[in-house]
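Residues per chain are reported as follows:
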Amino acid sequence: AVERTLSIIKPDAVAKNVIGEIYSRFEKAGLRIVAAKMTQLSREQAEGFYAVHRERPFFNDLVSFMISGPVMIQVLEGENAIAKNRELMGATNPRDAAPGTIRADFAVSIDENAVHGSDGPETAAQEIAYFFKSDEIRPRTR
Ligand code: CMP
């Protein structure tokens, strides 16, 4: 089915100047960018976005990293978009990420791992709504 998923290019990958290379991977996989914005997250925004991880030992480092520089946030749309994006990203820890995945190619550590992608349909809907109003998302009609 055609799905939407939320993708974030994290501060490390923005700093490396590889937004275009990552977008190119999405497009080559048949995913369409139907909404996008560059922004620098506030602490409150980052804490809210990662609220499910609040009790995890890495939470504070994760939030500090996510607000350390600009991020590129997009909604990807396409057949099987959630799983497809996760395949393109590779494992959370770049050491475990398959060769040719975004994290294998651009990430250095589990903390600075280049990209975020929604992990399922419910989180995708929640995460998209966290950053975009419905009229900011432009489904492709041709
Ligand atoms: P992300 O998909 O953005 O979701 C939470 C992030 O926390 C994750 O990617 C990692 O960058 C970061 N993180 C740091 N340590 C861990 C860990 N031990 N397990 C999972 N995520 C971690």
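Since this is a predicted model, take the numbers as computed values, not measurements.

## Some details on the site of the ligand
All residues in the neighbourhood of the ligand are listed as Lys10, Tyr50, His53, Arg56, Phe58, Leu62, Thr92, Arg103, Ile110, Asp111, Asn113 and His116. Tyr50 places a side-chain nitrogen or oxygen 2.6 Å from an oxygen atom of the ligand. Within the backbone of Ile110, an N or O atom sits 2.7 Å from an oxygen atom of the ligand. The class makeup of the residues in the shell around the ligand is 4 nonpolar, 4 polar and 4 charged.

## Quick word on unusual backbone geometry
Generally, phi is negative for residues other than glycine and the peptide bonds are trans, each holding for most cases. Of note in this structure, Asn17 is not a glycine but carries a positive phi near 65°. For Asn17, the position within the fold is in the loop between helix H1 (11-15) and helix H2 (19-28). Classification of Asn17 as exposed rests on a relative accessible area of 68%. Within the chain, Asn80 stands out as a residue other than glycine whose phi angle is a positive 60°.

## Quick word on helix H5 (residues 81-89)
Along H5, the positions that sit buried rather than exposed are Ala81, Ile82, Asn85 and Met89. Buried residues of H5, viewed axially, fall in a sector of 100°; they line one side. On its buried side, H5 packs onto strand E1 (2-9), H2, strand E3 (71-79), helix H6 (102-106), strand E4 (115-117) and helix H7 (121-131).

## Brief notes about the sheet that holds strand E2 (residues 32-39)
One key point about sheets: their strands pair by backbone hydrogen bonds, in either a parallel or an antiparallel sense. Spatial ordering of the open sheet is given by E2-E3-E1-E4, a layout of 4 strands whose pairing is antiparallel. Across the chains shown, the open sheet's two edge strands, defined by having one partner strand only, are E2 and E4. Neighbouring strand axes in the sheet, compared pairwise and without regard to direction, differ in orientation by 20° on average. Sheet analysis places E1 next to E4, joined by 3 bridges and oriented antiparallel.

## What to know about the confidence of the model for the protein chain
With 100% of its residues at a pLDDT of 70 or more, the protein chain shows a mean pLDDT of 97. Here the prediction assigns the complex a pTM of 0.98, and the interface score ipTM is 0.96.

## What to know about H7
All of the buried residues along H7 are Ala124, Glu127, Ile128 and Phe131. The arc that holds the buried residues of H7, viewed along the axis, is 100°, so those residues lie on one side. Pointing more than 90 degrees away from the buried face of H7 are the exposed residues Glu122, Ala125, Gln126 and Ala129. Among the structural elements, E1, E2, helix H3 (43-49), E3, H5 and E4 are those in contact with the buried residues of H7.

What counts as what
Residues numbered from 1 in each chain as written. Predicted model: local features only at pLDDT ≥ 70, side-chain atom pairs only at ≥ 80, totals over all residues. Heavy atoms only, no water. Near = heavy atom within 4 Å. Polar contact = N/O pair within 3.5 Å; in protein donor to acceptor, adjacent residues only side chain to side chain. Nonpolar A, V, L, I, M, F, W, Y, C, P; charged D, E, K, R; others polar. Helix = DSSP H or I, 4+ residues; strand = E, 2+ residues; numbered from the N terminus. Buried < 20%, exposed > 50% of the residue type's maximum accessible area, 1.4 Å probe, protein only. Arc of directions from axis to C-beta. Contact = heavy atoms within 4.5 Å. Pairing = 2+ DSSP bridges. Axes fitted to C-alpha atoms, helices over the stretch in contact; angles between N-to-C directions. pLDDT = per-residue confidence, 0-100.

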